[in-house]
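One letter stands for each residue in the lines below.
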Amino acid sequence: MFDSRFLGVRARAAGLALASLVAAVATPLHAKGVAITFDDLPVYGRFWTAAEGRQVTDQLLAGLKRNHWKAIGFVNEIQLDAADRPARIALLEAWLDAGMDLGNHTYSHPSLTKTPVETYIADVARDETVTAPLLAARGRRERWFRYPFLETGTTQAVRMRFEGWLGAHGYRVAPVTMENSDWQFATLYDDAVARGDTAGAARIRQEYLVFTRKIVAWYKQVAIGLLGREPSFVFLLHASRLNAASIDALAAIFREAKLRPITLDAAMRDPAYRTADHYVGADGNEWLERWSQTLHKRLPFETMPSVPKAVVTGDARLEAIPDPRAPTGVVPAHP
Ligand SMILES: [Zn+2]
């Protein structure tokens, strides 16, 4: 919704031409939208070499630029630890050169539920080794942190210790208020591509987009039920081959849903993100669920669209097979 008072003032003050008026409608002051965030950089998925990573990254970034999205990518620097390290680091530089932001997603993607907090903090600090200097070289700094598995600590003491550390090091937490289980579809897509099964890959991509359309509608409806209005969303995706091949289709879905892609900073200015989150526990909850606990309202999970069973089981089956081309030490990635 646009602010008609704002539009009226602008139009009267300047006697704006129709084109400017249309632009003002398209970009109102307090536009709602969706921030697009990608986890597990430089590349999420299996069966990739630096050359394939370059292909995925170039395709992804070209798609983001074509659709005028200012996205942020969250890095796991463990993925750089391979013989072709400089080529992998160059993928992160490509994100910055394309006008995107980079954030911290820990070095090795540990679970805060299962990892002692001091070990976890050391892992987060280690993720600054390459990313922070890349940003500094461009006069910027690393400002956003995304929790692996969305796990935020099993006790109040752990939460306070870690959030204190984050704050002292200039980080803000990047929440998640929309996601589409892209990582599960991505595994099957990667597998189909690796086997040269073009028709299979196309079918999985189609299923992915059908599911995304449904789940986006669900999140919008549920958020309005919870907050009484539509907030700006923060969408969790992964830097996958599947998403690289799907940016235009995802953009069409967002257009249909009247969700304008905005930056993470802009999304976080929505007052919804000041809702308290007191959740302490083992689960990796998304933020609408956290807020529902604070606001004592339940979310209608029974109406949530399910990922097709064949995708869930196929992903689990493939994840159990070691990836022969993964660099040593790479932890299979998840949300
Ligand atoms: Zn992740």
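Attention here is on the structure that accompanies the text. Keep in mind it's a predicted model, so treat the numbers as computed, not measured.

This part takes up the overall build of the protein chain. Of regular secondary structure, the protein chain possesses 14 helices and eight strands. Per-residue burial for the protein chain yields a buried fraction of 53% across its 335 residues. Put simply, the protein chain shows about 14900 Å² of open surface, and 59% of that area lies on carbon and sulfur atoms.

Turning to its location among the elements, Leu80 is positioned in the loop between β2 (72-75) and α4 (85-97). By relative accessible area, which is 0% here, Leu80 ends up buried. Put simply, Leu80 and Leu41 are 39 residues apart on the chain and 9.5 Å apart in space, counted from C-alpha to C-alpha. Not counting residues within four places of it along the chain, the set of residues in contact with Leu80 comprises Pro42, Arg85, Arg88, Ile89, Leu92 and Val130.

A separate point is the pattern of salt bridges. Enumeration over the complete set of coordinates arrives at 23 salt bridges. With a closest N to O distance of 2.7 Å, Arg159 and Glu163 form a salt bridge. With Arg159 and Glu163 both in helix α7 (residues 156-168) and four residues apart, this pair spans about one turn of that helix. Of the residues examined, Arg159 reaches a relative accessible area of 8% and is grouped as buried. For Glu163, a relative accessible area of 32% puts it in the partly exposed group. Notably, a salt bridge pairs Arg229 with Asp270, separated by 2.5 Å at the nearest N-O pair.

Within the element layout of this structure, Glu151 appears in the loop between β4 (144-145) and α7. Buried charge without a partner: Glu151 forms no salt bridge, and the closest opposite charge is Lys114, 6.0 Å away. Among the polar contacts made by the side chain of Glu151, one reaches the side chain of Ser111 at a distance of 2.6 Å. In terms of polar contacts, Glu151 uses its side chain to reach the backbone amide nitrogen of Leu112, at 3.3 Å.

Now for the packing of aromatic side chains. Pairs of aromatic rings are described using the distance from one ring centre to the other and the angle between the two planes. A complete count under the given rule lists 14 aromatic pairs for this structure. Between Phe145 and Phe162 the ring centres are 5.2 Å apart and the planes differ by 65°, which places this aromatic pair in the edge-to-face class. Remark: Phe162 occurs in helix α7 and Phe145 occurs in strand β4; sequence separation between them is 17 residues. Residue Phe145 shares its accessibility class with Phe162, and that shared class is buried. Put simply, the rings of Tyr120, Phe145, Tyr147, Phe162, Trp165 and Tyr171 pair up and form one aromatic cluster.

Alternating positions in β2 separate into two faces, Ile72 and Phe74 on one and Gly73 and Val75 on the other, with burial throughout. Summarising the sheet, β2 and strand β3 (residues 101-104) pair through four bridges and their orientation is parallel. Across the sheet, Gly73 pairs through a bridge with Leu102, a residue of β3. Since β2 and β3 lie parallel, the crossover through α4 that links them has a hand, and here it is right-handed.

Here the focus is helix α6 (residues 128-136). Turning to α6, its buried residues are Val130, Thr131, Leu134 and Leu135. Angularly, the buried residues of α6 cover 120° about the axis, an arc narrow enough to put them on a single face. Here the buried face of α6 lies against β2, α4 and β3.

Take helix α5 (residues 117-126) next. Working note: α-helix, 3.6 residues per turn, so residues spaced by three or four point in the same direction. Val117, Tyr120, Ile121, Asp123 and Val124 are the residues of α5 that are buried. Along the axis of α5, the buried residues cluster in a sector spanning 160°; they form a single face. The elements touched by buried residues of α5 are β3, α6, β4 and α7.

Axis separation between α5 and α7 bottoms out at 10 Å; the angle between their running directions is 20°. Judged by the inter-axis angle, α5 sits roughly parallel to α7. The interaxial crossing formed by α5 with α7 has right-handed handedness. Across the interface between the two elements, Val117, Glu118, Tyr120, Ile121, Val124 and Ala125 from α5 touch Val158, Arg161, Phe162 and Trp165 from α7. Among the residues forming the contact of α5 with α7, the class breakdown is eight nonpolar, no polar and two charged.

Mapped onto the elements, Glu302 comes out in the loop between α13 (287-294) and α14 (309-319). A polar side-chain atom of Glu302 sits 2.9 Å from a polar atom in the side chain of Arg298.

Conventions and cut-offs
- Residues numbered from 1 in each chain as written.
- Predicted model: local features only at pLDDT ≥ 70, side-chain atom pairs only at ≥ 80, totals over all residues.
- Heavy atoms only, no water.
- Helix = DSSP H or I, 4+ residues; strand = E, 2+ residues; numbered from the N terminus.
- Buried < 20%, exposed > 50% of the residue type's maximum accessible area, 1.4 Å probe, protein only.
- Areas by Shrake-Rupley, 256 points an atom, 1.4 Å probe, with all protein chains shown as cover.
- Contact = heavy atoms within 4.5 Å.
- Salt bridge = Lys/Arg side-chain N within 4 Å of Asp/Glu carboxyl O.
- Lys, Arg positive; Asp, Glu negative; His and termini not counted.
- Polar contact = N/O pair within 3.5 Å; in protein donor to acceptor, adjacent residues only side chain to side chain.
- Phe/Tyr/Trp six-rings, centres within 6.5 Å; stacked < 30°, edge-to-face > 60°.
- Pairing = 2+ DSSP bridges.
- Right-handed = clockwise from strand over helix to strand, strands pointing away.
- Arc of directions from axis to C-beta.
- Axes fitted to C-alpha atoms, helices over the stretch in contact; angles between N-to-C directions.
- Parallel < 35°, antiparallel > 145°, perpendicular 65-115°, else oblique.
- Left-handed = near helix turned anticlockwise from the far one by under 90°.
- Nonpolar A, V, L, I, M, F, W, Y, C, P; charged D, E, K, R; others polar.

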